[in-house]
Amino acid sequence: AKNGGRDSFQFFTPEMNTKAHERFAMQDAIRKGIARSEFYLDYQPQVDLRSGRIFAVEALVRWRHPVLGVLSPAQFISLAEETGLIVPLGDWVLNEACRQNKAWQDAGLAHLSVSVNVSARQFQEKDWPGRVIRALEENGLEAEYLELELTESLLMRNVDQAIATMKELQVLGVHFAIDDFGTGYSSLSALKSLPVSRLKIDQSFVRNLAHDEDDRSIISAVISLGQRLNMLVIAEGVETEDQLAFLRANGCDEAQGYHFSRPIEPKAMADLLKLR
Ligand code: C2E
Ligand code: CA
Ligand code: CA
Ligand code: CA
């Protein structure tokens, strides 16, 4: 502590130093992990509730850390976002998801859409549409087989800017979904003007729907909203037959969750697709 003040002294507790050090080490490890191909993607099916078909898969990133083992996104995505490392990591995810989807198509499997999660930091990059177009071109994937998942808070921060960016990709055939819908603060008038194909009902509403009437009301309201706005509605985190029955009865279009499959590695996904 420079001037020995009480506050500055407290800032430099050993615990704080360790945390800062750990953060820095983690940051460095993410950077190296990208270079060393330690990240990989699992895929979770998205199911059409009318036909029962898998029409899409969501790509979910994992990190095979050399010492800590497999880490889930909750353990590294926010640090990657804070440090800007989500930009190179996100580029890798986008590229890998396009490559894998094209490989499944080339292997003769039914053509699916792949959904990729996009952080605000990535979306705000100046040449974001260009990065997406490059990933599609370099992997020979047609734009219609890519969907980008954006959150409400990202979209509502600067709606006009978001619309402009999305339209550059939408004209090529790329689709957009609003992730974790219902947990943010969407302006309904803004929602109307966004080029979005799909609303993803957040899993927090699905989780307790058997016991919580408010959650059931929210879900059926979101489904009606989607229908009015000409958007498809997908429920995430569907784990039970009862949850599925409620969603079906309320006209939900699509679902995703452990009831159908956990996120699985590409080989297992190919087997699942062949089985269907
Ligand atoms: P998300 O986009 O909302 O993804 C859904 C999360 O719910 C995934 O967790 C998935 O494994 C989990 N899940 C799926 N079905 C069920 C279910 O039936 N029950 C329960 N309890 N959970 C279910 P995961 O893979 O740990 O990812 C967590 C979050 O990390 C994602 O939430 C997303 O926000 C973020 N994330 C994952 N991959 C990426 C990525 O490539 N880029 C970015 N920017 N964020 C990512
Ligand atoms: Ca998502
Ligand atoms: Ca979600
Ligand atoms: Ca989420």
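Residues numbered from 1 in each chain as written. Chains lettered and ligands numbered in written order. Predicted model: local features only at pLDDT ≥ 70, side-chain atom pairs only at ≥ 80, totals over all residues. Heavy atoms only, no water.

Asker: Help me understand the packing of aromatic side chains, please; the structure alone is not making it clear to me.
Answerer: The relation between two aromatic rings is expressed through the spacing of the ring centres and the mutual angle of the planes. Within this structure, the stated rule accounts for four aromatic pairs. Taking 5.0 Å as the distance between ring centres and 25 degrees as the angle between the ring planes, the aromatic pair formed by F39 and W63 counts as stacked. With F39 in strand 1 (residues 39-48) and W63 in strand 2 (residues 54-65), this pair connects stretches of sequence that are 24 residues apart. Per residue, the accessibility class of F39 equals that of W63, and both read buried. Between F39 and F76 the ring centres are 5.5 Å apart and the planes differ by 65 degrees, which places this aromatic pair in the edge-to-face class. Here F39 is found in strand 1, whereas its partner F76 is found in the loop between strand 3 (69-71) and helix 3 (77-83), with 37 residues between them in sequence. Judged by its relative accessible area of 1%, F76 falls in the buried class. Among the aromatic side chains, those forming a connected cluster through ring pairs are F39, W63 and F76. Here R64 stacks its cationic end above the ring of Y40, 4.3 Å away from the centre of that ring. The ring of Y258 has R262 sitting right over it, with the charged end atom 3.9 Å from the ring centre. (Phe/Tyr/Trp six-rings, centres within 6.5 Å; stacked < 30°, edge-to-face > 60°. Helix = DSSP H or I, 4+ residues; strand = E, 2+ residues; numbered from the N terminus. Buried < 20%, exposed > 50% of the residue type's maximum accessible area, 1.4 Å probe, protein only. Lys NZ or Arg CZ within 6 Å of the ring centre and 35° of its normal.)

Asker: Would you mind going over the coordination of the calcium ion (ligand 4) with me for this structure?
Answerer: Around a metal, the perfect tetrahedron of four donors has angles of 109.5 degrees, and the perfect octahedron of six donors has angles of 90 or 180 degrees. Coordination of the calcium ion (ligand 4) by the protein comes from D180 (OD) and D180 (OD), over a distance range of 2.9 to 3.1 Å. In this structure, the calcium ion (ligand 4) lies 3.6 Å away from the calcium ion (ligand 3), the two metals sharing D180 as a donor. With respect to the element layout, D180 can be found in strand 6 (residues 175-181). (Donors = N, O, S within 2.8 Å, 3.2 Å for Na, K, Ca; no water.)

Asker: So what exactly am I meant to see when it comes to the pattern of salt bridges here?
Answerer: Any two side chains of opposite charge can pair, on the condition that their charged atoms come close. Counted under the stated rule, the structure contains 17 salt bridges. Put simply, K200 and E149 hold a salt bridge, and the shortest N to O gap is 2.9 Å. With K200 in strand 7 (residues 198-201) and E149 in strand 5 (residues 146-151), this residue pair connects regions lying 51 residues apart in the sequence. The same class applies to K200 as to E149, namely buried. (Salt bridge = Lys/Arg side-chain N within 4 Å of Asp/Glu carboxyl O.)

Asker: Please explain empty space enclosed by the protein as it appears in this structure.
Answerer: The rolling of a water-molecule-sized probe over the atoms marks out the regions of remaining empty space. Tallied over the full model, the rule gives one cavity of 30 Å³ or more. Space inside the largest cavity adds up to approximately 40 Å³. Counting residues per element, the ones that place at least two in the lining of the largest cavity are helix 2 (14-35) and helix 4 (86-106). Residue classes in the lining of the largest cavity are distributed as four nonpolar, two polar and one charged. (1 Å grid on protein atoms, 1.4 Å probe; cavity = no way out; pocket = protein on both sides within 12 Å on 5 of 7 lines; lining within 4 Å. Points joined across faces, edges and corners; volume = space filled by probe spheres on them. Nonpolar A, V, L, I, M, F, W, Y, C, P; charged D, E, K, R; others polar.)

Asker: Would you mind showing me how to read the confidence of the model for the protein here?
Answerer: One rule of thumb: low pLDDT means the predicted coordinates there are not for detailed reading. For the protein, per-residue confidence averages 93 on the pLDDT scale, and residues scoring 70 or more make up 93% of the total. Of the regions scoring below 50 in pLDDT, residues 1-11 engages in six contacts with residues more than four places distant in sequence or in other chains. Across the whole predicted complex the pTM is 0.94, and at the interface the ipTM reaches 0.98. (pLDDT = per-residue confidence, 0-100. Contact = heavy atoms within 4.5 Å.)

Asker: Any chance you could explain the site of ligand 1 here in plain terms?
Answerer: Near ligand 1 you find 21 residues, and of these R62, S119, Q203, E239 and Y258 are the closest. Within the backbone of V61, a nitrogen or oxygen atom sits 3.2 Å from a nitrogen atom of ligand 1. Contact between ligand 1 and Y258: an oxygen atom at 2.8 Å from a main-chain N or O atom of the residue. Protein contacts shield 80% of the accessible area of ligand 1, which totals 810 Å² for the unbound molecule. The site holding ligand 1 turns out to be the largest pocket. Elements supplying a minimum of two residues to the shell around ligand 1: strand 2, helix 4 and strand 6. No other element matches the four residues that strand 2 contributes to the shell around ligand 1. Residues of the shell around ligand 1, tallied by class, amount to nine nonpolar, six polar and six charged. (Near = heavy atom within 4 Å. Polar contact = N/O pair within 3.5 Å; in protein donor to acceptor, adjacent residues only side chain to side chain. Areas by Shrake-Rupley, 256 points an atom, 1.4 Å probe, with all protein chains shown as cover. Sits in = over half its atoms within 2 Å of the grid points.)

Asker: I keep staring at the layout of surface pockets and nothing clicks. Help me out?
Answerer: Here the largest pocket is characterised by a volume of approximately 920 Å³. Lining of the largest pocket is provided by 39 residues; of these, E58, L60, P73, N117 and D179 occupy positions nearest its centre. Here the element with the most residues in the lining of the largest pocket is strand 2; it accounts for five residues. Partitioning the lining of the largest pocket into residue classes produces 15 nonpolar, 13 polar and eleven charged.

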